[in-house]
Every structure is written in structure tokens, then in C-alpha cells.
Amino acid sequence: MQESFLIFITKISLYPTFVFTGLVMFVTLYWVVSLLGMTDMDSVEFGESGGDADVSNLSSTGFFTGLMLKFGLYGVPLIIILTLISLIGWVLSYLYTSFLHHYFDSGVLYYVFGTGALIFVLVVSMWLTGIIISPIRKNIAKIPKRNAVSNVGKTAIVRTLSVIDKHGEAELNDGGAGLILKIRPDMNENSLKQGDKVVLVEYLNEANVYLVAPVKDK
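Notes on the structure follow. Source: prediction; values computed, not measured. All residue numbers refer to position in the chain's written sequence, counted from 1. Totals for whole chains, interfaces and linings use all residues, but because this is a predicted model, local features are given only for residues with pLDDT of at least 70 and pairs of side-chain atoms are given and counted only at 80 or more. Only heavy atoms go into the side-chain values, all of them from the structure, while hydrogens and water stay out.

Before going further, it helps to examine the packing of aromatic side chains. Any Phe, Tyr or Trp ring, taking Trp's six-membered ring, that has another such ring centre within 6.5 Å forms a pair; planes under 30 degrees apart are called stacked, those over 60 apart edge-to-face, and the others tilted. Taken as a whole and judged by the stated rule, the model has six aromatic pairs. Relative to Phe18, the ring of Tyr15 has its centre 5.9 Å away and its plane inclined at 45 degrees; by these criteria the two rings are tilted. Think of it in three bands: residues with accessible area under 20% of the maximum for their type are buried, residues over 50% are exposed, and the middle band is partly exposed, with areas taken using a 1.4 Å probe on protein chains only. Given the relative accessible area of 15%, Tyr15 is considered buried. Among the aromatic residues, those joined into a cluster by ring pairs are Tyr15, Phe18, Tyr110 and Tyr111.

See the structure below:
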């Protein structure tokens with residue numbers, strides 16, 4: 001058992017698997033921090049609807065943005081995209097390390113084939129991630145915007161440790177499982193903390209966030 005564990009640790013520490021091992025550790029830490037309410041999740045959006053950019057010409061939007069659009073990596077929280085890419089990449093690179101890597105275990109070929117495997121695995125991971133999130137993105141796009149506006153005036157509970165200009169989340173009781181909303185302080189109100197009751201003052205459509213103010217005790 002101990003020997004098998006050591007072999008496993010060795011494999012996930014080899015190039016290129018260790019790159020995805022690091023990514024998996026990062027996203028795991030992020031999810032833990034998010035569950036503790038110390039940060040929130042944002043969506044990757046390109047253009048007004050996330051899909052209006054010219055995906056046939058990478059130079060029209062920038063190489064990185066165009067690449068994300070090509071693979072359909074938009075319209076859902078970025079951490080979900082990174083999580084899927086990391087997990088798929090880790091599995092594929094681990095398989096490479098287990099079955100093919102020992103043929104090139106030293107010298108220049110070790111890095112040449114390792115780099116080739118890294119690029120191949122990354123591309124395949126992005127492609128598969130785009131396929132997986134496609135139905136999720138389409139369902140999110142079907143949610144009427146008026147539902148968001150209709151929440152204005154309602155009371156929610158802050159779930160993050162704090163609410164600042166960069167991040168903040170609140171939970172709104174909608175009579176069902178509850179909604180997790182991205183919120184930002186209204187009128188430079190930076191004293192909000194986890195558990196505070198806030199009223200949704202205004203919905204900012206472009207940023208997909210609510211401006212909130214504390215509920216004053218009567």
C-alpha cells in the first residue's frame with residue numbers, strides 16, 4: 001500500500017503531470033475558500049451576451065479571448081472552467097505518465113515529448129470542457145433578465161466574510177433552494193459582514209451584480 005502510494009506521488013510529480021497537479025490543488029483551495037465565504041465566483045463574458053464576438057478571427061478579440069471563444073469557454077463561472085480543465089488535464093497527463101512517459105525518462109526527449117504531451121492534453125481538456133459546459137451556458141442564457149430585476153427591494157443574507165467593491169455574495173430566500181447573488185456595497189458601505197441582512201437596492205445588468213444596503217434595525 002505504501003509503495004503504491006509512493007509510486008502515485010512520483011507520477012503526479014513528473015513533468016508534465018505536475019502542472020495539472022498544481023492546478024488541481026489551486027482550484028481545490030479556491031473551492032474551500034469559496035465555501036467558507038471568503039470569495040465569490042465570476043463568469044467569463046465576451047461581448048454583451050458572451051458569444052457575440054467574432055470567433056472566426058482571433059485577432060478581432062485578442063488571442064487569449066479568441067481562443068476561449070473558439071473552445072466555448074465562456075458564460076459560466078471561471079472557476080468551473082478552470083476546475084474542469086484541471087481535472088481532465090490531470091487525468092490525461094497521468095495516463096501519459098503511467099503508460100508512455102517511461103519510454104522517455106531522461107535527457108532532451110523527456111522534455112520534448114513532455115512539452116508536446118502538455119500542449120496536447122491542454123487543448124483536449126479545453127475542448128472537452130467546452131463541450132461539457134455548453135448545455136449549462138445555454139440554460140443560463142435562457143434565464144429572463146427580468147427575474148434579476150424583480151429581486152430589487154428584497155432582503156438577503158451576506159454569505160461572504162465581507163462585501164467590498166471587488167467581491168461579495170448574498171443568499172436570497174426564494175422559497176426554494178435559495179439564490180446566491182453577487183453583491184456590491186451601495187454608497188461606499190464597507191462595513192457589511194457575513195450574516196448581515198441587506199436590501200437589494202439596484203441591479204447592474206452589465207456587471208450582473210446587485211448594489212446592497214444594510215437593513216437598519218427598527
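With that settled, consider unusual backbone geometry. Cis geometry marks the peptide bond from Tyr15 to Pro16, where omega comes out at 10 degrees. The residue Pro16 is located in the loop between helix 1 (2-12) and helix 2 (17-35) in this model. Phi angles above zero are rare outside glycine, and Asn208 is one such case at about 55 degrees. Only DSSP runs of H or I reaching four residues or more are called helices, and only runs of E reaching two or more are called strands; each is numbered from the N terminus. Here Asn208 shows up in the loop between strand 4 (197-204) and strand 5 (209-214).

When a carboxyl oxygen of Asp or Glu is within 4 Å of a side-chain nitrogen of Lys or Arg, the pair counts as a salt bridge. For the coordinates displayed, the defined rule picks out two salt bridges. We note a salt bridge from Glu169 to Arg159, for which the minimum N-O separation is 2.2 Å. Of this pair, Glu169 sits in strand 2 (residues 169-172) while Arg159 sits in the loop between strand 1 (155-158) and strand 2, placing them 10 residues apart in sequence. Residue classification places Glu169 among the buried residues on the basis of a relative accessible area of 4%. One salt bridge connects Lys193 with Asp196, and the closest N-O pair in it is separated by 3.5 Å. With relative accessibility at 47%, the residue Lys193 sits in the partly exposed group.

Moving on, we get to a nonpolar patch on the surface. On the surface, a cluster of nonpolar side chains totalling about 530 Å² of accessible area is made up of Val91, Leu95, Phe99, Leu100 and Tyr103. Structurally, Tyr103 is set in the loop between helix 4 (78-99) and helix 5 (107-141). Given the relative accessible area of 59%, Tyr103 is considered exposed. Patch criteria: residues need more than 30% relative accessible area and no salt bridge. Like-charged residues are merged within 9 Å; nonpolar side chains of Val, Leu, Ile, Met, Phe, Trp and Tyr are merged within 5 Å. The Shrake-Rupley method, run with a 1.4 Å probe sphere, supplies the accessible areas, and residue values consider only the shown protein chains as cover.

By the bridge criterion, three bridges tie strand 1 to strand 4 in an arrangement that is antiparallel. When the sheet's bridge partners are listed, Ala156 is paired in strand 4 with Val198. Here, strands pair whenever DSSP counts at least two bridges between them. The pairing of strand 1 with strand 2 spans two bridges and is classified as antiparallel. When the sheet's bridge partners are listed, Ile157 is paired in strand 2 with Glu171.

This paragraph deals with the packing of helix 1 against helix 4. Helix axes are fitted only over the stretch in contact, all axes being lines through C-alpha atoms; the angle between N-to-C directions runs from 0 to 180 degrees. Put simply, helix 1 and helix 4 touch, their axes get as near as 9 Å, and they point 110 degrees apart. It follows from the interaxial angle that helix 1 and helix 4 lie roughly perpendicular. When helix 1 is examined against helix 4, the residues Phe8, Lys11 and Ile12 are found in contact with a partner set consisting of Trp90, Tyr94, Thr97 and Ser98. Each angle gets one of four labels, with under 35 degrees taken as roughly parallel, over 145 as roughly antiparallel, 65 to 115 as roughly perpendicular, and the rest as oblique. Residues are treated as being in contact if the distance between any of their heavy atoms lies within 4.5 Å.

Within this model, the second largest pocket holds a volume of roughly 270 Å³. Think of a 1 Å grid over just the protein atoms. A cavity is a set of points where a 1.4 Å probe fits yet cannot get out, a pocket is an open set with protein on both sides within 12 Å along at least five of seven lines, and lining residues have an atom within 4 Å of a point. Around the second largest pocket, the lining is made up of 14 residues, and of these Phe64, Met68, Leu82, Ile85 and Met126 lie nearest the centre. Among the elements of the structure, helix 3 (63-70), helix 4 and helix 5 are those that each provide at least two residues to the lining of the second largest pocket. The leading source of residues in the lining of the second largest pocket is helix 4, at five residues. Residue composition of the lining of the second largest pocket, by class: 13 nonpolar, one polar and no charged. Grid points are joined across faces, edges and corners, and a volume is the space filled by probe spheres set on the points. Each residue gets one of three labels, nonpolar for Ala, Val, Leu, Ile, Met, Phe, Trp, Tyr, Cys and Pro, charged for Asp, Glu, Lys and Arg, and polar for the others, Gly among them.

Now for the packing of helix 2 against helix 4. Helix packing for two helices is described by the angle between their axes and how far apart those axes are. Put simply, helix 2 and helix 4 touch, their axes get as near as 8 Å, and they point 150 degrees apart. Viewed along their axes, helix 2 and helix 4 form a crossing whose handedness is left-handed. For the pair helix 2 and helix 4, contact is made by Thr17, Phe20, Thr21, Leu23, Val24, Phe26, Val27, Tyr30 and Trp31 and by Ile79, Ile80, Leu82, Thr83, Ile85, Ser86, Leu87, Gly89, Trp90, Ser93, Tyr94 and Thr97, respectively. Looking at the contact of helix 2 with helix 4, its residues break down into 14 nonpolar, seven polar and no charged. Definitions for this section: a left-handed crossing has its near helix turned counterclockwise from the far helix by less than a right angle. A right-handed crossing has that turn clockwise.

So, about helix 4. What a helix is expected to span follows from its residue count: subtract one and scale by 1.5 Å. Taking 1.5 Å per residue, 22 residues should reach 32 Å; helix 4 reaches 32 Å between its end C-alpha atoms and fits that length. Burial in helix 4 covers these residues: Ile79, Ile81, Thr83, Leu84, Ile85, Ser86, Ile88, Gly89, Ser93, Tyr96, Thr97 and Ser98.

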